[in-house]
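# Survey of secondary and tertiary structure
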Amino acid sequence: MDCGGLWLRGSGGTLLQQDLPAPCASLPPEVDDFSWEPPTEAETKVLQARRERQDRISRLMGDYLLRGYRMLGETCADCGTILLQDKQRKIYCVACQELDSDVDKDNPALNAQAALSQAREHQLASASEPPLSSRPAPQPPVPRPEHCEGAAAGLKAVQGPPPPAVLPNADVVACTQEALLQKLTWASAELGSSTSLETSIQLCSLIRACAEALRSLQQLQH
Amino acid sequence: MAAAGSVTVALHVAEVLETIVSGCLGPEGRQVLCTKPTGEVLLSRDGGCLLKALHLEHPVARVMVACVSSHLRKTGDGAKTFIIFLCHLLRGLREITDKEKDSFLFENIQTCGRHWKNCCRWKFISQAFLTFQTQILDYVMDHYLSRHFLSIFSSCTKERTLCRSSLEMLLGAYFCGRVGRNNHSLMSQLMCDYVFKCTACESRFEEVLELVDDCFVELKVGVTGLPVSDSRIIAGLVLQRDFSVYCPADGDIRIVIVTETIQPLFSISGSEFPLNSEAQFQTSQFWITERTKAIVKHLQNQNVKLLLSTVKQPDLVIYCAGLNGISVVECLSSEELSLIQRVIGLAPFVLPEASSQYELSHTALAKFCKPLILRSKRFVHLGLMSTCSFAPHCIALCAPVQGLVEQHENALHGAFKMLRQAFKDLDLNCVTQTSDQSCTSGPCIYKNSRESNELPKIVNSSIQRSYQDTVVKNKGELAKTQTNLKVCSNLIVPSVKLEQNVLCSTPKVAVTDSYQTDETLRCSSPNKGRIMDDHEPFIESNSANSKPENTRREISYENLQVAKLARKDSILPLRYKSLETCTSQSYYSSSIPAGCVLPVGGNFEILLHYYLLNYAKKCQQSEQTMVSRIIANAILGVPKILYKSKKGNYSFPQVYVRALQALQTNQPMISNQTGLESVAGKYQLLTSVLQCLTNILTVDLVISIKRQPQEVYDQDSEEEL
C-alpha cells in the first residue's frame, strides 16, 4: 500500500468499525494499537504551553494587522513566525521581539536547555524515587518546579546525597540556603507582576520547591 | 517540505484572521476598529469589509480573502464563519497528519521522494474532501437533516405566501450579526417593509429580489446628518441627480429616453463638413436651431413632459424644452438607465432622419415627477408605472456619519443577496449504496424519503412547516430545473450513456467560483492517474476488470469539466462490478426547497455534526470516515464561539448535550433563541470552505515575484497557426 497507506496505517481499510465516545469524537481513532499512546502529562503540559504561545502570537498579530501593519509573505528565520511590516517599512517579528523577552525562554517547548534540565529531573526523579516518595514537589514531571538552572542545581544538590547520609559541609549548606532565599525573593516578585496563568503556576511551584528545599536543608543542619 | 509546511503556514494565517473576526461574530459580537493602510479608520462588524481592509501580502492569506470575497459576492453572508470553520479544519488536519509524520522518517530515505510523497498525500486528502462535498454532504443533508428543516413560506393554498413574521426573524438574525445592537431591529423592520412593498405579486419574490440585488446601488439613497431612525422607504424611483430644467406638471407624465443629443451637430466624428463661407455657416446654424425647435415642439405635441438623457444636452435644447414645458434630466448613468428599462420596459427614442417622420412609439407613463430634497441635496423623484413584478421603491438610509451609512448599505445589500439565495431551490446530488434486493428507481427513492420526513411540531407556532407540501410541487419542478440533472436508476446502463449522464449533471450550486474549480483541476491533473490507481484498494476491485476500465477512465478524464466530477468517475467502474457483487450505487437528484430555514444558535452545526459522526461509524471507506470526522469536529467551532459568553444552563456544553439527547430520543430540538438562518446559505458556506481548503492544500510551491508578469503577444506565432 503506497499512497493509500499514507492515511491509513496497515490494516487495509476496515479499521473504522470501532465505537467512538458518543457525542464528541475529538480523539482520533486508534489506528494501530502499538503506534499511538495517549500523551503523558508532561507532554500535555508542553502541548498546552505551545498552544497558548501560538494563541498569544496570533492575537498579537491580529492586533497589529488591525492597526495597519502589513502581513508579509516571509517567516522569521529564528522562530518561524510570519513577519509584519509597519508603515515605516520596518520588519517586525512578534514572537522574537515581544514574547520571548518574557519567561518563555525557560519553556521546555521552545528552549533546548530548559528541555535538557527537565530531562535531567526526570532522571533524578526515577533514580531517587524511594527516598523522595514523600516529597511531591521535587518530582519534576507534573509541574515544572525549576525556573532556572540555579534552582535545578540546588535541588539536585539536595536530592542527590541522602542515602550516604554524610554530614554536609556547613559552607555549602549556607551557600545553598542563600541561593534558595534569593530565588524565593525573585520568584515572589515575578509572581506579583505576572499575568499569564502558566507562568504563575510555574512560579508557585518554584516557590514551593524552594521552600521544601530550605526545609530539608534545615533538617540536614540539625 | 513545502506541502506539509503549507498546512502549518495556512493554519497560522487562519488563526490570525480568526482572532480578528471571532470578536465580532454573532449577536454578542462587538465592533472592530481597523486602521486601513491609507490612514482611514473603519469601524465595522462586517467580516468581509474587515478582511478586505487588512493589508495582507502573504499569498495564503490573499487566497483566503479572495475565496471569502467570491463567496460573499454570491451569498452575502458568512465571512466570519468561513474563516473560523477553515481554521478549525486546518487544525484538525494538522493534528491528524502530525501523528503520521513519524512514519515518513522511516519509510523513505530520499528527500525528493519524500517531498513528492507529501505532495501526493495532500492532493489525496484534498480529493477526499472533494468527494465528501460531492457525495456525502448532499446525502447527509437530504437524508438526515432535511427532516429538521422549517420553511418561511406558509402555503395554505398552492401558492407560496411569504410569512412576514418568519421573514422578520430571518432578517433579524442576519442584522444582529452585522450592524450595531441599537440598529438591528430597525434595519430588519425596514427591509421587511421594503420587500413587501416592492413585491406587487405575492409569489414573485425571486424576481424582485434579483432585481433589487442587481440594482441595489441605484435603489438606495444615503443621507448623512440625520439619526438612523429617520431612514425610510420612498415610493417611486429616486435618481441621484437634479433636474436641468424643471417644469411642474399635473396628471400622468409621458417620458422619453434619449441616448444622443437632440440638436444636430455640424459634423459627426469621422465625417467632414466643409465650410466655404460665412453665409453657409449662418444657414447651417439656423437650420440646426430650427430643427431642434421642431423636434422639441413635436415632443410637446405628444404630451411628453419629461426627457431623460444619458448624455449632456446642449443649452439650446434645454432652453427649448423649458419653453415648451418639458423637464429634462441629463447625464443618467448606464445602470440607472438599465434599471428604468427593466422597470418600465422603455426603449430609447431614436431621432428620425427625415423631418417629416415623427413616430413616437417609445414613450411611457409616470405618475409623477418632482424634485426631492433630502438634507440639502436635490434628487429627481419619479413615480414609474411598472410593467414587471417589481413595484419601484427606494430606501433612504440615514445616519449621523458617512461611515455608518456605508455600513448599513453593505449590510442591506448582503441581506438581499442572502434572501435571494434562500429563496432558491437547492439541488442536491445524492449517491447511495443500496443492495440489489431493495433497489428501486430514482423517483421511488425520493418519494420514500418524503414519507419518512414527518416534521415534529415545535414551540413557535407562527412558523408553518410546509416542507411536505413544497415537496409535492418540487417533483414537478424537478423536471424543469435548469441544471440537467438526470434521475438515474439502479439499472445497469451502457458505459457511454453513463458518462454522459455524469458529465451533464453539473449542479450549479456547488460551483461557487469557476476560477477556483479550474485551479483545482489544474493542480490535481498531474496526479489524477496516480490517485485513481491508489483508490483500487478502497473500491472492491476485480482485477479482471481493471484493465478495460483504466482506458475508460482516461477517456472520461479528458471530458471533465469540473474537478469534483473526478470522484464520480471513480465510481463508474463499480457499475460494472455490480453484476458480480451485491452492492451497487444509485444516483438520484433531490433538492431542498426554497425557503428552508433552521433556528439560529448552532442548530445546523450540531445536527450536521451528529449525523456526520453517525455516518462515519457506518461508512466503509476509511478516508471518508476521516474526512467526515474532521469536518464534524471542525464545524462545532462556530457555535462554541457563539456561546462563549454564556454560562450555566446556556453554555455550549449544556446546549450540546440537550440537543444530542433530543436527537437520540427523536424528540424535537428546542431552541431558546428567536431567529432563523437559511439552510441554503449554510450549505453554500460549507462547499465554499471545502473548495478553499482544497485550493490551499494543493499548493506545492509558492514563487514570489516583484511585479505582475507582462502579457507578451507573439503575433508571428498566430500567423503561423
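Just so you know, these numbers come straight off a predicted model, no measurement behind them. By convention here, each chain's residues receive numbers from 1 onward along its written sequence. Here the convention is simple: chains get letters from A, ligands get numbers from 1, in the order in which they are written. In view of the model being predicted, local features appear only for residues whose pLDDT reaches at least 70, and side-chain atom pairs are presented and counted only at 80 or more, with totals across whole chains, interfaces and linings using the full set of residues. Water and hydrogen atoms were dropped before computing side-chain values, which therefore reflect all heavy atoms in the structure.

### Points about the overall build of chain B
Helix and strand definitions here come from DSSP, where helices need a minimum of 4 consecutive H or I residues and strands a minimum of 2 consecutive E residues; each element is numbered from the N-terminal end. A tally of regular secondary structure across chain B gives 26 helices and 19 strands. Accessible areas in this description were obtained via Shrake-Rupley with a 1.4 Å probe; residue shielding takes into account the shown protein chains only. Of the roughly 32,000 Å² of accessible surface on chain B, a fraction of 53% belongs to carbon and sulfur atoms.

### Overview of the pattern of salt bridges
Residues and elements named next belong to chain B. Every case where a carboxyl oxygen of Asp or Glu lies within 4 Å of a side-chain nitrogen of Lys or Arg is listed as a salt bridge. Following the criterion strictly, the structure yields 21 salt bridges over all chains and no others. Note that Arg204 is salt-bridged to Glu207, the shortest N-O span being 2.8 Å. For the exposure calls, accessible area comes from a 1.4 Å probe over protein chains only, and a residue counts as buried if that area is under 20% of its type's maximum, exposed if over 50%, partly exposed in between. Look at Glu207 and you get partly exposed, because its relative accessible area is 39%. Residues Lys312 and Glu330 are paired through a salt bridge, measuring 3.1 Å at the closest nitrogen-oxygen approach. One end of the pair, Lys312, is in the loop between strand S11 (304-309) and helix H11 (315-323); the other, Glu330, is in the loop between strand S12 (327-329) and helix H12 (334-344), with 18 residues separating them in the sequence. A relative accessible area of 7% places Glu330 in the buried class. Look at the salt bridges and you will find they share partners, linking Asp213, Asp214, Arg342, Lys417 and Arg420 into a network.

### A word on the packing of aromatic side chains
All names here are of chain B. Between 30 and 60 degrees the pair is tilted, below 30 it is stacked and above 60 it is edge-to-face, where a pair is any two Phe, Tyr or Trp rings, Trp via its six-membered ring, whose centres lie within 6.5 Å. Taken as a whole and assessed by the stated rule, the structure comprises 16 aromatic pairs over all chains. Pairing Phe196 with Phe205 gives two aromatic rings, centres 6.2 Å apart and planes at 85°, and the pair type is edge-to-face. We classify Phe196 as partly exposed; its relative accessible area is 22%. One aromatic cluster is present, formed by Tyr139, Tyr144, Tyr610, Tyr611 and Tyr615 through successive ring pairs. Here, a charge over a ring is recorded when the distance from Lys NZ or Arg CZ to the ring centre is within 6 Å and its angle to the ring normal is within 35 degrees. Across from the ring centre of Trp122, 5.0 Å away, lies the NZ or CZ of Arg121, which sits over that ring. Of note, Lys370 hangs over the ring of Phe368, and the distance from its end group to the ring centre comes to 4.6 Å.

### A short note on the sheet that holds strand S18 (residues 596-599) of chain B
All names here are of chain B. Any two strands are treated as partners once DSSP identifies two or more bridges connecting them. Taken in spatial order, the 3 strands make up an open sheet running S4-S18-S19, and their pairing is antiparallel. Edge strands, defined here as strands with exactly one partner in the open sheet, are strand S4 (150-151) and strand S19 (676-678). When S18 meets S19, the two strands line up antiparallel, connected through 3 bridges. Residue Pro599 lies in a different strand from S19, and its bridge partner there is Leu676. In what follows, a contact means two residues having at least one pair of non-hydrogen atoms within 4.5 Å. The convention used is that axes are lines fitted to C-alpha atoms, helices contributing only their stretch in contact, and that angles between N-to-C directions extend from 0 to 180 degrees. Across the sheet, helix H25 (residues 679-697) touches S18 and S19, and the angle it forms with S19 is around 50°.

### A short note on helix H6 (residues 164-176) of chain B
Because an α-helix completes one turn every 3.6 residues, residues spaced three or four positions apart along the sequence face the same direction. Residue and element names in this part refer to chain B. Relative to the 18 Å expected for 13 residues at 1.5 Å per residue, H6 spans 18 Å between its end C-alpha atoms, a close match to the ideal helical length. All buried positions along H6 are accounted for by Ser166, Leu167, Met169, Leu170, Leu171, Gly172, Tyr174, Phe175 and Cys176. Packed against the buried residues of H6 are strand S6 (161-162), helix H7 (184-198), helix H13 (402-422), S18 and S19. Multiplying one less than the number of residues by 1.5 Å gives the expected span of a helix.

### Some thoughts on the environment of Ala189(A)
In this structure, Ala189(A) sits in helix H5 (residues 170-193). When the C-alpha positions of Ala189(A) and Leu203(A) are compared, they lie 9.8 Å apart, and in sequence the two are 14 residues distant.

### Re the nonpolar core
Note on soluble globular proteins: their nonpolar side chains tend to be buried together. With 115 residues, the main nonpolar core has Met71(A), Met64(B), Leu89(B), Phe129(B), Val140(B), Met141(B) and Leu145(B) as its most contacted residues. Contacts of Met64(B), omitting those with residues within four sequence positions, involve Ala10(B), Val13(B), Ala14(B), Leu17(B), Leu86(B), Leu90(B), Cys692(B) and Ile696(B). Residues belong to a common nonpolar core when they are buried Ala, Val, Leu, Ile, Met, Phe, Trp, Tyr or Cys residues joined through side-chain atoms within 4.5 Å. One finds Ile233(B), Ile255(B), Ile257(B) and Leu384(B) within the second-largest nonpolar core, a separate group that totals 73 residues.

### So, the sheet that holds strand S1 (residues 70-75) of chain A
Taken together, 4 strands build an open sheet; the order of strands is S3(A)-S2(A)-S1(A)-S3(B) and the sheet is mixed. Of all strands in the sheet, those bounded by a partner on one side alone are strand S3 (91-92) of chain A together with strand S3 (55-56) of chain B. Pairing analysis gives 2 bridges linking S1(A) to S3(B), with the strands arranged parallel. Each residue of the ladder has a partner; that of Arg70(A), found in S3(B), is His55(B). Relative to strand S2 (residues 82-85) of chain A, helix H1 (residues 41-66) of chain A is tilted by about 25°, and along the sheet it contacts S1, S2 and S3 of chain A together with S3 of chain B.

### So, the confidence of the model for chain A
All names here are of chain A. Note: pLDDT gives the predictor's confidence per residue, expressed from 0 to 100. Mean pLDDT over chain A: 70, with 57% of residues reaching 70 or higher. Across chain A, S2 holds the top mean pLDDT of 92, while helix H4 (residues 149-159) sits lowest at 47. Contacts for the low-pLDDT stretch residues 1-33, under 50 throughout, to residues beyond four places or in other chains number 55 contacts.

### Here's the deal with unusual backbone geometry
All names here are of chain B. Not every positive phi belongs to a glycine, and Ser376 is a case in point at roughly 70°. Assignment of secondary structure puts Ser376 in the loop between strand S13 (364-374) and strand S14 (377-384). The backbone of Asn666 shows a phi angle near 60°, a positive value even though the residue is not glycine. Summarising the element assignment, Asn666 is placed in the loop between helix H24 (652-664) and S19.

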